[in-house]
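This is what each chain is made of:
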Amino acid sequence: MTWLDLSADTGFGVSNLPYGVFSTPGAAPRTGVAIGDAVLDLAAVTGDPVHATGTLNAFLAQGPAAWAAVRARLTEWFTDAWHRATVEPHLVPRDAVTLHLPIDVADYVDFYSSQHHAENLGRMFRPGSPPLTPNWKHLPIGYHGRAGTVQLSGTPVVRPSGQRKAPADEVPTFGPSRRLDIEAEVGFVVGVPSRLGEPVPVGAFTEHVFGVCLVNDWSARDLQAWEYVPLGPFLGKSFLTSVSPWVVPLAALEAARTDPPLRDEELLPYLDDRKERWSLNLQLEVRLNGAIVSNPPFAPLYWTPAQQLAHLTVNGASLRTGDLFASGTVSGPERNQRGSLIELSENGAEPLALPDGTTRTFLEDGDVVTISATAPGPDGTRLSLGEVTGRIEPVR
Ligand SMILES: O=C(O)/C=C/C(=O)CC(=O)CC(=O)O
Ligand SMILES: [Ca+2]
Ligand SMILES: [Mg+2]
């Protein structure tokens, strides 16, 4: 129960309490917690300077005990009417605030953990070869991306230019991408760093990872197809990666935890996650110009975030506060569960029909893509992970 007047279907109830960074006219960016249609000004209500830095990093670095203490306090404030007079003056309507990038992104890694996505892309990028590479079921494949171009939801998506060369072209040409795409992903935010040389085991996931956001890994498929051999993604994905403004703490996702899918190759011990249920029942939704074009389920992903973290540090690579690692494109087994347009349009061969009468293979200037997600809450409610959105702008 809460003294707040929350709508029954708010995704931002007392069991969610995601963190973000916001500002109001004339005041500096500070930490806030989304509750219903409001933001609680955590800097003001606590007076704690850790919440007044303009990013979540300092708070995230404090670790699980501090995260749990603040969450317990918030829960008490919002449920016990005794605290109403203290808390209510620090609630700001959410539509009156400006949101900012919630974390100062340290390193950015993107995985490739959906078997359905990997098989679809394998078919399209490497026709004639087996869709999954021989390593795929033995390790979570990933690459290091460009942290500096991770930006807040709503940042304009300027169509990138670069080299493209279709198989039939004799020579590469330079120009605006003609195959601009999305990738619907879930991102995991690291709070507690690790020391160089010390791997983080699967079982230490919650000692380091604070929470979850949504990610759109904008991808220029024509640039990517030409440049990626043999070193992997580079300029086709580094022009912009968008993240949602609210970081949902892992602590809010207990009811979403579920068993990982059956693995058909025996895992090396450092990836054994039989004691760690870190698959998550998140349900994503992808809208293109307002129309739902896909509903990717997160739970079937072959590799969990705990395994991704273990793999990314198994060589001794250290973590920093603010590291972001993304799941990889979330695609389910069904056609309407695919997390990218290259998959939804069968590599451009089968355009999507939109309700406005137009069709799409890849993105056109002016298109708006919004990815949202929900998770089961503790008492049959649904938690919102918010959304990540972006509008395509013409090449500059
Ligand atoms: O299979 C390929 O060559 C390329 C795959 C991707 O573009 C996917 C990627 O960035 C990782 C992911 O989002 O799953
Ligand atoms: Ca990706
Ligand atoms: Mg990027």
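Cut-offs applied
Residues numbered from 1 in each chain as written. Chains lettered and ligands numbered in written order. Predicted model: local features only at pLDDT ≥ 70, side-chain atom pairs only at ≥ 80, totals over all residues. Heavy atoms only, no water. Domains from an automatic or database assignment. Contact = heavy atoms within 4.5 Å. Buried area = accessible area lost by both parts, 1.4 Å probe. Salt bridge = Lys/Arg side-chain N within 4 Å of Asp/Glu carboxyl O. Polar contact = N/O pair within 3.5 Å; in protein donor to acceptor, adjacent residues only side chain to side chain. Helix = DSSP H or I, 4+ residues; strand = E, 2+ residues; numbered from the N terminus. Donors = N, O, S within 2.8 Å, 3.2 Å for Na, K, Ca; no water. Tetrahedral: all angles 85-135°; square planar, octahedral: opposite > 155°, others 65-115°. Buried < 20%, exposed > 50% of the residue type's maximum accessible area, 1.4 Å probe, protein only. Phe/Tyr/Trp six-rings, centres within 6.5 Å; stacked < 30°, edge-to-face > 60°. Lys NZ or Arg CZ within 6 Å of the ring centre and 35° of its normal.

## Quick look at the domain arrangement of the chain
- As far as domains go, the chain holds domain 1 (19–100) and domain 2 (108–393).
- Domain 1 and domain 2 are separated by 29 Å when their C-alpha centres are compared.
- Facing the 18 residues of domain 1 at the interface are 18 residues of domain 2.
- Regarding the contact of domain 1 and domain 2, the summed buried area is about 1400 Å², with carbon and sulfur atoms giving 75% of it.
- Looking only at domain 1, the three residues that lose the most surface to domain 2 are Tyr19, Leu60 and Trp67, adding up to 39% of its buried area.
- The tally of links between domain 1 and domain 2 comes to 0 salt bridges.
- Remark: the boundary between domain 1 and domain 2 carries 1 residue pair in polar contact (both at pLDDT 80 or more).
- For the side of domain 1 that touches domain 2, the leading source of residues is helix H2 (residues 57–61), giving 4 residues.

## Observations concerning the coordination of the calcium ion (ligand 2)
- Around the calcium ion (ligand 2), the protein supplies Asp110 (OD), Glu183 (OE), Glu185 (OE) and Asp217 (OD) as donor atoms, at distances of 2.2 Å.
- Of note is the calcium ion (ligand 2), whose 6 donor atoms meet at the metal with angles of 78 to 167° in an arrangement that counts as irregular.
- The motif formed by the donor residues of the calcium ion (ligand 2), counted along the single chain, is D-x72-E-x1-E-x31-D. Of this pair, aspartate 110 sits in strand E6 (residues 108–111) while aspartate 217 sits in the loop between strand E14 (209–216) and strand E15 (219–220), placing them 107 residues apart in sequence. For the residue pair aspartate 110 and aspartate 217, the accessibility class agrees, reading buried in each case.

## Thoughts on the packing of aromatic side chains
- Counted by the stated rule, this structure contains 13 aromatic pairs.
- Centroid distance phenylalanine 59 to phenylalanine 210: 6.0 Å. Interplanar angle 75°. Geometry classified as edge-to-face. With phenylalanine 59 in helix H2 and phenylalanine 210 in strand E14, this pair connects stretches of sequence that are 151 residues apart.
- Classification of phenylalanine 210 as buried rests on a relative accessible area of 3%.
- With 6.2 Å between their ring centres and 40° between their planes, phenylalanine 188 and phenylalanine 298 make a pair best called tilted. Residue phenylalanine 188 is found in strand E13 (residues 184–190), and its partner phenylalanine 298 is found in the loop between strand E21 (291–294) and helix H9 (305–313); the two are separated by 110 residues along the sequence. Comparing phenylalanine 188 with phenylalanine 298 shows no difference in burial state: the two are buried.
- Counting every residue linked through ring pairs, the aromatic cluster contains Phe111, Phe188, Phe205, Trp278, Phe298 and Phe325.
- Its end group placed over the ring of tryptophan 278, arginine 257 keeps NZ or CZ at 3.7 Å from the ring centre.
- If you follow arginine 263 out to its NZ or CZ, it ends over the ring of tyrosine 302, 5.8 Å from the centre.

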